[in-house]
Structures are given as C-alpha cells and as structure tokens.
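Fold and geometry: a report
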Amino acid sequence: MNAEPIKKVSIVVSKGSLEGVYPGLIMANGARMEGIEASLFFTFFGLHAVVKKKMDKLRVATVGNPAMCVPDAMGFALPTIVGAIPGMSAFATSMMKKEMEKLDIPPVGEFIEMISDAGCKMYACKATVDMFKLSSDDFCPQMDKVLTVGEFYELSAGSQIIFT
Amino acid sequence: MSENSIIGIAVDLDESGYLTNHDQWTPVIAEALAGEEGVAPLTDEHWKVLKFIAEDYKERETVPGMRRMNKVGGIPTKDLYRLFPDGPIKKAARIAGYPKPASCV
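Everything in this summary refers to the structure shown in the same document. (Residues numbered from 1 in each chain as written. Chains lettered and ligands numbered in written order. Predicted model: local features only at pLDDT ≥ 70, side-chain atom pairs only at ≥ 80, totals over all residues. Heavy atoms only, no water.)

Before going further, it helps to spend a moment on the interface of chain B and chain A. Taken residue by residue, the interface counts 15 residues in chain B and 16 residues in chain A. Interface of chain B and chain A: buried area, both sides summed, is about 1,400 Å²; carbon and sulfur atoms make up 55% of it. Of all residues in chain B, Arg67(B), Tyr81(B) and Val105(B) bury the most surface against chain A, accounting for 49% of the area lost on that side. For the pair chain B and chain A, the interface holds six salt bridges. Its salt-bridge partner being Glu110(A), residue Arg67(B) comes within 2.8 Å of it at the nearest N-O pair. Connecting chain B to chain A are five residue pairs in polar contact (both at pLDDT 80 or more). Those elements giving two or more residues to the side of chain B that touches chain A turn out to be α3 (66–71), α4 (77–83) and α5 (88–96) of chain B. (Contact = heavy atoms within 4.5 Å. Buried area = accessible area lost by both parts, 1.4 Å probe. Salt bridge = Lys/Arg side-chain N within 4 Å of Asp/Glu carboxyl O. Polar contact = N/O pair within 3.5 Å; in protein donor to acceptor, adjacent residues only side chain to side chain. Helix = DSSP H or I, 4+ residues; strand = E, 2+ residues; numbered from the N terminus.)

This brings us to the environment of Asn65(A). Assignment of secondary structure puts Asn65(A) in the loop between β2 (37–42) and β3 (69–70). A C-alpha to C-alpha distance of 8.8 Å links Asn65(A) and Gly83(A), two positions 18 residues apart in sequence.

On to the packing of aromatic side chains, then. This model, assessed by the stated rule, comprises six aromatic pairs over all chains. Judged by centre distance (4.4 Å) and plane angle (35°), the rings of Tyr57(B) and Tyr98(B) are tilted. With Tyr57(B) in helix α2 (residues 44–60) and Tyr98(B) in the segment after α5, this residue pair connects regions lying 41 residues apart in the sequence. Overall, Tyr98(B) belongs to the buried group, its relative accessible area being 4%. Through a chain of ring-to-ring contacts, the aromatic side chains of Phe41(A), Phe152(A) and Tyr153(A) assemble into a single cluster. (Phe/Tyr/Trp six-rings, centres within 6.5 Å; stacked < 30°, edge-to-face > 60°. Buried < 20%, exposed > 50% of the residue type's maximum accessible area, 1.4 Å probe, protein only.)

Now for the layout of surface pockets. With a probe scaled to a water molecule rolled over the atoms, the places where space remains empty come into view. Considered as a void within the structure, the largest pocket measures approximately 480 Å³ in volume. If you go around the largest pocket, you meet 23 residues; those closest to its centre are Gly65(B), Ala102(B), Ser103(B), Cys104(B) and Val105(B). Contributing elements (two or more residues each) for the lining of the largest pocket: α1 (18–33) of chain A together with α3 and α5 of chain B. A breakdown of the residues in the lining of the largest pocket according to their chemical character gives 11 nonpolar, four polar and eight charged. (1 Å grid on protein atoms, 1.4 Å probe; cavity = no way out; pocket = protein on both sides within 12 Å on 5 of 7 lines; lining within 4 Å. Points joined across faces, edges and corners; volume = space filled by probe spheres on them. Nonpolar A, V, L, I, M, F, W, Y, C, P; charged D, E, K, R; others polar.)

Right, dumping it as structure tokens:
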C-alpha cells in the first residue's frame, strides 16, 4: 500500500450529457482538493461544458440509457420509448439537478468556475472546435486554450490520463 | 508526525492525524498543526476560515464543502487555495480540529 501517490491527472471529457460531464468535473475538482495537479481536456460533445450558451443547459440522456430508472435510481427501469417522450429528458435533468443541489454540487457553469479557481487548467480539443466552427467568443472565460491532441499529450507529461 | 501528542500535549488522533475529540483542540494546537501542514504562521485570514468551519460544524455536524465555504462563509475558492495550498479543506479541517472531510465535492 505504499505505492507512489498520484501527482498529476489529465481528464478528458468527451460526452455532452449532464451525466457525461459531471464525473470528469468531480474528479478534476477532487484532484485539486487533494493537492493533485489537474487539467481538463474537453472534446466532441464534452466541449459543451465550456461553451457559454450550452454549459448550463446540459441534459440527462433518457434514451439509450438502460440504467435509467424512475422515480429514482433504485426504481423501475424506464422503457426507452417512454424516455423518448418530449419533456422526459428535461424532467430527468431537473430531478438530478435537485438531488445534486442537496449535495452542494454546483451547476456546470459555477462548477467550471470553482475548478478553474482551484488551479485546474481547461483545454478545448482543436479538431472539435474546428468541426463545430467555434470561436473564442463562444467559450466561457475559464477555458484556457485550444489544443491539438499532440499538445495535450505534451502537457500531460507525467500525468495519469483519465478518459470519461 | 506525532502519534498521540502534538507539541507534547496528549491528544487523540485518527490514522490520518485528525483530532478525534474536539474538546482537546486549542489555538496552540492549531498553530502546531498548521506547522505540520506547512501553512504556519496562522494569519487573520486563516482564522476566518477556521472559525467558519467551527461555526458550521456546530450547526451541521459536518465539515463544509467548497461551495458552502464560498456561499455561506463568503470565502472565495482562490483564497482557500492560497491560504491552504494543496488540499484546502482537508488542511483547514485538520487545523481547526475537525474530522477529515467526508464529501466528494
């Protein structure tokens, strides 16, 4: 049990659903709280977490999520066709946000600010930025830099890379 | 690190070095723990954080998380990291004589 402690993590956020974004943010914040150097790399739809217009509008995926249950995580499985009914995703999102608020987990925009203030660097994937045709105005001020994947690996020297 | 005493004062500590009996905590012990955590000497700014943890702990019986420190305690994230580098709430809770934080956020 005397293994070398983790000193640095690079966390990749690749999904743009609410449940796709939070784990990476919680892990990045948790790393900083432990004194571990941390950076976040947002790619594909995960990039929405640092896009001003999108960051506070992320939703829980109720379709294609066989673990989705109602009325809570230990309830009945939600049939995919029911998950597809308009408003289901918004409903599940508001339920999850309420539960997170109780645990003092901030909304995405506020969480990004807290994690950035904690000293975690935030990067956007260049391929995605080009594909989505985004400019620097689209990003929240906490987003530090657009990086190529090569630059990401360079900056991650000595890091544990965590893909979410 | 000492097992059962801090600067020669007998105290009960858990395996991570946190006081298990808050009644044994004194400002002198806080200063000694701050030394161990590399944040000594404690300034007024540090004390503001320690006092907020104490008040909040009395009310809720749990060490406040970062968001509560910000919103209720009025202490910004950046200040906490500046005052208690590399593990702000863990360090502040230990110095304040409270248990190791048990929350993920």
